Amino acid sequence: MRAFWRALRRNRLALVGGVVVVGLAALAILAPAIAPWDPNRPDVKKILDAPSGVHPLGTDQLGRDVLSRMFYGARVSLAVGFVSVGIASLIGIVLGATAGYHGGVVDATIMRLVDLMLVFPRFFLLLAVLAFLRPSIWTIMAVIGLTGWMGVARLVRAEFLAIKEREFVIWSQSIGASAFRIIWRHILPNAMAPVLVAMTLGIPAAILTESGLSFLGLGVQPPHASWGNILNEGKDAIEIGWWLSVYPGLAILLTVLSYNLFGEGIRDALDPRLRQSVGRIVTRR
Amino acid sequence: MFLYALRRLLLAIPLLIGITFISFLVIHLAPGTPGEIQTGDLSIQSDKEIQKLLIELYDLDKPLHVQYWKWLTRIVRLDFGKSFSPDARPVLQKIGERLPVTLLLNIVEMLIIVALAVPIGVYSATRQYSMFDKVTTVFVFVGFATPDFWLALLLMILFGVQLGWLPISGLRSLNWEYLSFWRQQWDFAGHLFLPILVATFGGLAGFSRYMRQSMLEVVRQDYIQSARAKGLPERVVIGKHALRNAMLPIVTVLGLSLPGLIGGSIIVESIFAIPGMGQLMVQAVFERDYPVIMGNLVIVSTLTLVANLLADVTYSFVDPRIRVGARRRR
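Residues numbered from 1 in each chain as written. Chains lettered and ligands numbered in written order. Predicted model: local features only at pLDDT ≥ 70, side-chain atom pairs only at ≥ 80, totals over all residues.

## Regarding the overall build of chain B
Looking only at helices and strands, one finds 12 helices and 0 strands in chain B. In chain B, the order of α-helices and β-strands from amino to carboxyl end is α-α-α-α-α-α-α-α-α-α-α-α. Considered along the principal axes of its C-alpha atoms, chain B spans approximately 75 × 60 × 40 Å. Here chain B holds 330 residues, and 35% of them are scored as buried. Relative to all contacts within chain B whose residues are 6 or more apart in sequence, the contacts with residues 24 or more apart total 72%. (Helix = DSSP H or I, 4+ residues; strand = E, 2+ residues; numbered from the N terminus. Buried ≥ 20, exposed ≤ 12 C-beta atoms within 10 Å, placed from the backbone. Contact = placed C-beta atoms within 7 Å.)

And the structure:
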């Protein structure tokens with residue numbers, strides 16, 4: 001553990017990434033306290049005002065303060081990122097552990113399911129599913145999670161295949177421990193490191209997906225602010241209000257970049273050999 | 001070679017059936033009434049009507065196995081029903097019109113990505129930690145983090161609005177019919193420039209990274225040492241011995257990243273108003289045109305499957321070890 005901290009501290013880019021990650025979380029939590037304006041209060045006298053001292057990042061078509069909307073948008077983006085990655089990891093861990101531990105027909109079936117899910121271009125699948133559902137933050141989280149577990153499943157399976165041959169597992173089996181207990185108490189804790197890295201790298205991918213959906217108008221619905229839907233509204237005012245298009249995108253870029261730097265830093269600090277196995281297992285779309 | 005291809009083909013059949021099954025499950029997400037989409041203000045029909053049409057189209061009032069069997073037999077005959085939109089044209093026809101554009105875009109993107117990523121990857125791997133390597137590493141991280149729709153907006157503001165150099169929507173100018181043949185091609189290329197630039201950006205970052213990684217592993221191998229030891233010029237060692245081996249995993253990665261690339265068409269096509277499958281999909285979702293949505297989903301994923309299959313067979317073609325290995329394992 002100490003070696004881990006030492007290695008992480010030496011990686012300056014990862015540290016910067018980590019600081020931004022923490023800072024963003026703080027901004028999102030504190031949004032109601034630090035937002036200078038009510039994010040949903042329209043003002044007809046201030047439609048599409050350019051950035052100024054009063055509105056640092058300008059106002060939108062309804063005269064709402066862009067900076068305040070972006071603070072609240074951070075809440076949405078981060079929440080979607082965390083929850084959907086949580087869902088994806090849970091499914092991935094359960095299926096990957098089952099496949100890796102039991103092997104044989106169970107393994108073959110689960111892995112074919114993984115192959116199958118990977119054949120679908122993700123955005124087409126997401127859109128098809130969303131067409132049948134009422135779009136809300138919750139459906140977005142669920143849908144992104146349900147279509148993004150395949151990488152974790154593969155990873156966990158590979159770890160299980162390696163670990164289940166180790167002596168401590170064979171000993172537990174010999175004293176009659178149940179499969180459930182061996183999986184959860186003995187193997188999984190030893191397989192968690194790469195999973196945590198994959199989760200850290202999965203959050204930015206989920207944020208990109210959410211903002212893409214919201215940009216199309218199929219994600220988080222107005223009046224709730226999300227970086228993607230501010231950009232969607234900005235698109236219509238592209239010739240006058242450049243600030244509506246520039247700042248939210250910059251926020252997404254910065255967030256995703258920091259999470260990636262931080263995640264890869266953790267990975268290298270945990271074990272440089274992981275570089276091979278945990279590449280970018282969470283595809284963009 | 002032939003046997004290997006055949007084997008892969010047989011393995012693809014269960015996946016094909018799986019595609020139809022997952023799509024079938026998607027239809028059943030409809031909770032009682034097909035979701036009332038708040039954004040779908042454009043929808044022409046009421047929920048009741050849509051529901052009636054859906055029940056009729058997919059036999060939702062019959063037992064599940066009957067439903068699935070009917071759905072399967074229709075897909076095999078490529079019958080996706082008629083669009084719910086007022087024109088009520090067959091779905092297959094609508095998709096057929098838009099498929100070539102999307103295919104063209106994706107193939108051009110792939111070619112550009114490979115043509116640029118390979119030299120970038122090789123160059124930065126052979127000069128690890130040089131200035132060039134560091135700059136490309138930064139580019140890779142930024143490329144991964146840039147939302148493609150945002151990049152598209154920025155480029156539209158810059159080239160379309162501020163400079164006015166490039167058209168920002170559609171495939172042809174309004175006066176297209178009056179242009180000479182070469183002018184028409186030039187006009188078409190101008191319309192494709194920004195969409196292709198946006199679509200290649202993210203992919204390029206990923207691929208040059210893979211190429212660099214793959215090259216770094218290969219140059220450490222013993223056979224590269226021996227090639228150098230027997231006095232071959234560095235150009236031949238890198239350009240022939242190392243490059244050929246480093247390219248192998250790229251074929252697989254290319255196949256695996258296809259769904260991502262095709263999925264990206266949704267964003268690019270809807271921003272630049274390009275009449276391809278991605279734009280059709282978005283329109284269909286807003287209009288709750290379910291037959292078009294389902295047809296799109298099945299066709300796009302089947303195409304991806306076919307492309308993956310081609311990548312696999314190509315891989316076995318360039319790397320004989322795969323074919324032999326497959327035979328031995330049996």
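## Considerations on the interface of chain B and chain A
Contact with chain B, which involves 46 residues of that partner, is made by 44 residues of chain A. Of all the secondary structure elements, the ones that give two or more residues to the side of chain B that touches chain A are helix H1 (2-27), helix H5 (131-145), helix H6 (148-162), helix H9 (234-271), helix H10 (277-287) and helix H11 (290-318) of chain B. With 8 residues, H9 of chain B is the single largest residue contributor to the side of chain B that touches chain A. Broken down by class, the residue content of the side of chain B that touches chain A amounts to 31 nonpolar, 13 polar and 2 charged. (Nonpolar A, V, L, I, M, F, W, Y, C, P; charged D, E, K, R; others polar.)

## Observations regarding the confidence of the model for chain A
Averaged over every residue, the pLDDT of chain A is 84; the share at 70 or more is 93%. Here residues 276-285 of chain A is a poorly scored stretch, pLDDT under 50, and it has 29 contacts once near neighbours within four places are set aside; other chains count. (pLDDT = per-residue confidence, 0-100.)

## Some points on the nonpolar core
Counting residues in hydrophobic clusters, the biggest one holds 145 residues, and the most contacted among them are Phe124 and Leu127 of chain A together with Ala152 and Ile293 of chain B. With residues near it in sequence (within four places) discarded, Ile293 of chain B still touches Ala128 and Ala131 of chain A together with Met281, Ala284 and Val285 of chain B. (Core = buried A, V, L, I, M, F, W, Y, C linked by C-beta atoms within 7 Å.)

## Quick notes on the confidence of the model for chain B
In this model, chain B carries a mean pLDDT of 81, and residues with pLDDT of at least 70 account for 90%. Listed scores for the predicted complex are pTM 0.85 and ipTM 0.84.

## What to know about H5 of chain B
The terminal C-alpha atoms of H5 of chain B lie 22 Å apart, and with 15 residues this matches the ideal 21 Å at 1.5 Å per residue to within 8%. For H5 of chain B, every residue scored as buried is listed here: Thr136, Val140, Gly143, Phe144 and Ala145 of chain B. Tucked into the core, H5 of chain B has its buried residues touching helix H11 (242-270) of chain A together with helix H4 (91-126) and helix H7 (181-219) of chain B. (Expected span 1.5 Å × (residues − 1).)

## As for the packing of H5 of chain B against H7 of chain B
All names here are of chain B. At a minimum axis separation of 8 Å, H5 and H7 run at an interaxial angle of 135°. The orientation of H5 with respect to H7, classified from their angle, is oblique. Of the two possible hands of crossing, H5 and H7 adopt the one that is left-handed. Two secondary-structure elements touch here, H5 through Thr136, Phe139, Val140, Gly143 and Phe144 and H7 through Phe201, Gly202, Leu204, Ala205, Ser208 and Arg209. A class-by-class count of the residues in the contact of H5 with H7 yields 6 nonpolar, 4 polar and 1 charged. (Axes fitted to C-alpha atoms, helices over the stretch in contact; angles between N-to-C directions. Parallel < 35°, antiparallel > 145°, perpendicular 65-115°, else oblique. Left-handed = near helix turned anticlockwise from the far one by under 90°.)

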